[in-house]
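Read off the chains here:
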Amino acid sequence: MNSLSGALLMFENRLKKLKKDREKWSKRTGIHSYRIYDEDIPQVPVILDRYNDCFVLYDRSSLRFQDEAGQEERYQEIGRIVKSSFALEDENLFLKRRKKQKGKDQYEKLSDVSKEIWIEENGIQFLINLSDYLDTGLFLDHRITRKMVGEKVQGKSVLNLFCYTGSFTAYAAAGGASSTVSIDLSKTYIEWAAKNLTKNGYNLRNHELLCTDVIKWIRDESKNPSRKKYDLIVLDPPTFSNSKKMSEEWDVQENHRNLLLTLLTKFLTETGEIWFSTNFRKFDLSIPEEEWSKRDFKCIDLSLVTIPEDFRDKKIHKLYHIMPV
């Protein structure tokens, strides 16, 4: 048996065990969309997520390795093992591969044949697109974070920046927020957020959706003396973006300090709080504890406690809760 065959056999055996464990866990917790396999075996660098009865398999091998001879056959064999292990029809498994992204690539379709389903998370409905984009419309690693935010918003005004498909907004609406404003550059995502809100019965008059450049909006609103202030701000920006639609290049490591301090001083109510997240693995928060203290705020790192137990990768995101002392 060669090393590749051995790795695939290990993967098949691992998958059988994970299937049994996750299905038992799903039944106990009522969670039906979750991560199954998380690059557990280094020689099989894939991720497998489940959304109800549909599965998404991500190829996580390096872009260079994806171009090597035999890689396509290897990936297809991994897919075959997944289908066999879970007794899946071809139409219930979706294969996705990374590509070099620049500019607006992150918003472009991967497929012309759409497969959309509705899933439920903590009683809230979300539209999932299994086929068209690299991401499905709901980041499963923020399941706990969404619930925590939803439990904090009763009667509060919420600002959701880089809102993607509005999952935090839906949780805010479900949690009794008095109003929400959600902003994203992508028209596709803003329309998606509207579908999520209306599906759950929320009136868009109380939940404003803006398709615009977040950074430019903040810069312009900062100069507005009658600008609105918010009780809770969700900030989950991309790691990097140089989209031509943006007024300037965005880099979360270089730009987070100014953005956070601007939000804190100009957009937050006196008792307001910020929930800031990033999936940049090398991220280093550049605002020291003493600077928060000077402003009568504190910043708590909730990264580890907000990563769900179905995620083996404990560096999938960083999460900071910024609040008054």
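About the criteria used
- Residues numbered from 1 in each chain as written.
- Predicted model: local features only at pLDDT ≥ 70, side-chain atom pairs only at ≥ 80, totals over all residues.
- Heavy atoms only, no water.
- Helix = DSSP H or I, 4+ residues; strand = E, 2+ residues; numbered from the N terminus.
- Rg over C-alpha atoms; globule rule 2.2 N^0.38 Å.
- Buried < 20%, exposed > 50% of the residue type's maximum accessible area, 1.4 Å probe, protein only.
- Contact = heavy atoms within 4.5 Å.
- Lys, Arg positive; Asp, Glu negative; His and termini not counted.
- Charge placed at Lys NZ, Arg CZ, Asp CG, Glu CD.
- Pairing = 2+ DSSP bridges.
- Right-handed = clockwise from strand over helix to strand, strands pointing away.
- Core = buried A, V, L, I, M, F, W, Y, C linked by side-chain atoms within 4.5 Å.
- Axes fitted to C-alpha atoms, helices over the stretch in contact; angles between N-to-C directions.
- Expected span 1.5 Å × (residues − 1).
- Polar contact = N/O pair within 3.5 Å; in protein donor to acceptor, adjacent residues only side chain to side chain.
- Parallel < 35°, antiparallel > 145°, perpendicular 65-115°, else oblique.
- Left-handed = near helix turned anticlockwise from the far one by under 90°.
- Nonpolar A, V, L, I, M, F, W, Y, C, P; charged D, E, K, R; others polar.

1. Quick notes on the overall build of the protein chain
Now for step 1: When its secondary structure is counted, the protein chain shows nine helices and 15 strands.
Now for step 2: Whereas a compact globule of 325 residues would reach a radius of gyration of roughly 20 Å, the protein chain reaches 21 Å, a difference of no more than 12%.
Now for step 3: On the principal axes, the C-alpha backbone points of the protein chain span a range of 70 × 40 × 35 Å.
Now for step 4: Burial statistics for the protein chain: of 325 residues in total, 51% are counted as buried.
Now for step 5: Counted over contacts in the protein chain with a minimum sequence separation of 6, partners at least 24 positions apart contribute 64%.
Now for step 6: Of the side chains in the protein chain, 53 bear a positive and 50 a negative charge, and the two mean positions are spaced by 1 Å.

2. Things to note about the pairing of strand β8 (residues 179-184)
Now for step 1: By the criterion of burial, β8 is predominantly enclosed, with six of the six residues buried.
Now for step 2: One ladder, built from five bridges, connects strand β7 (residues 157-161) with β8; its direction is parallel. Bridged to L161 within β8 is I183.
Now for step 3: Handedness of the crossover is the feature at issue here: the chain leaves β7, passes through helix α5 (residues 167-174), returns alongside β8, and the resulting connection is right-handed.
Now for step 4: One ladder, built from five bridges, connects β8 with strand β9 (residues 207-211); its direction is parallel. Within β9, the residue paired with I183 across the bridge is L210.

3. Re the environment of Y202
Now for step 1: Its location among the elements puts Y202 in the loop between α6 (187-199) and β9.
Now for step 2: Filtering out sequence-adjacent residues up to four positions away, Y202 remains in contact with A170, A173, A174, L197 and H207.

4. Re the nonpolar core
Now for step 1: Within the largest apolar cluster, 32 residues are counted, with the highest numbers of intra-cluster contacts made by L161, I233, L263, I274 and F276.
Now for step 2: Listed by contribution, the elements that provide at least two residues to this core are β7, β8, α7 (214-222), β10 (230-235), α8 (252-266), β13 (268-278) and β15 (318-324).
Now for step 3: The element contributing the most residues to this core is α8, with six residues.
Now for step 4: If near-sequence neighbours (up to four positions away) are discounted, I274 is found in contact with I233, L260, L263, L264, L268, Y320, H321 and I322.

5. Topic: the sheet that holds strand β2 (residues 46-51)
Now for step 1: Read across the sheet, four strands follow the order β1-β2-β3-β4 without closing on themselves; strand pairing throughout is mixed. With partners counted over all chains shown, the strands left at the sheet margins are β1 (33-38) and β4 (93-97), one partner each. Neighbour to neighbour, the strand axes of the sheet diverge by 20° on average, direction disregarded.
Now for step 2: With respect to the sheet, helix α3 (residues 71-86) is in contact with β1, β2, β3 (54-59) and β4, its orientation differing from that of β4 by roughly 150°.

6. Quick notes on α6
Now for step 1: For α6, built from 13 residues, the straight-helix expectation of 18 Å at 1.5 Å per residue is met to within 8% by its first-to-last C-alpha distance of 18 Å.
Now for step 2: Residues of α6 that are buried include every one of Y189, I190, W192, A193, A194, N196 and L197, and no others.
Now for step 3: The elements touched by buried residues of α6 are β5 (116-121), β6 (124-129), α5, β8 and β9.
Now for step 4: At the N-terminal boundary of α6, the capping side chain belongs to S186, with an oxygen 3.2 Å from the backbone nitrogen of T188.
Now for step 5: Residue G201 follows α6 closely and has a positive phi angle near 85°.

7. Re the packing of α7 against α8
Now for step 1: Put simply, α7 and α8 touch, their axes get as near as 11 Å, and they point 40° apart. Judged by the angle between their axes, α7 and α8 are oblique. You can see that α7 and α8 cross each other, and the crossing is left-handed. Counting all contacts with α7, which are made through I215, I218 and S222, the residues of α8 involved are L259, T262, L263 and K266.
Now for step 2: Residue composition of the contact of α7 with α8, by class: four nonpolar, two polar and one charged.

8. Details of α8
Now for step 1: Helix length check: α8, at 15 residues, gives a terminal C-alpha distance of 20 Å against a target of 21 Å (1.5 Å per residue), a fit within 8%.
Now for step 2: Along α8, the positions that sit buried rather than exposed are V252, H256, L259, L260, L261, L263 and L264.
Now for step 3: With a side-chain oxygen lying 3.0 Å from the backbone nitrogen of Q253, the N-terminal cap of α8 falls on D251.

9. Details of the sheet that holds β10
Now for step 1: Read across the open sheet, the seven strands follow the order β9-β8-β7-β10-β13-β15-β14; overall the sheet is mixed. Only two strands of the sheet have a single neighbouring strand rather than two, namely β9 and β14 (297-301). Averaged over all neighbouring strand pairs, the angle between strand axes comes to 15°, with direction disregarded.
Now for step 2: Bridging between β14 and β15 involves five bridges; their strand directions are antiparallel. Following the sheet pairing, I300 is matched in β15 by H321.
Now for step 3: Contacting β7, β10, β13, β14 and β15, α8 crosses the sheet at an angle of about 160° to β13.

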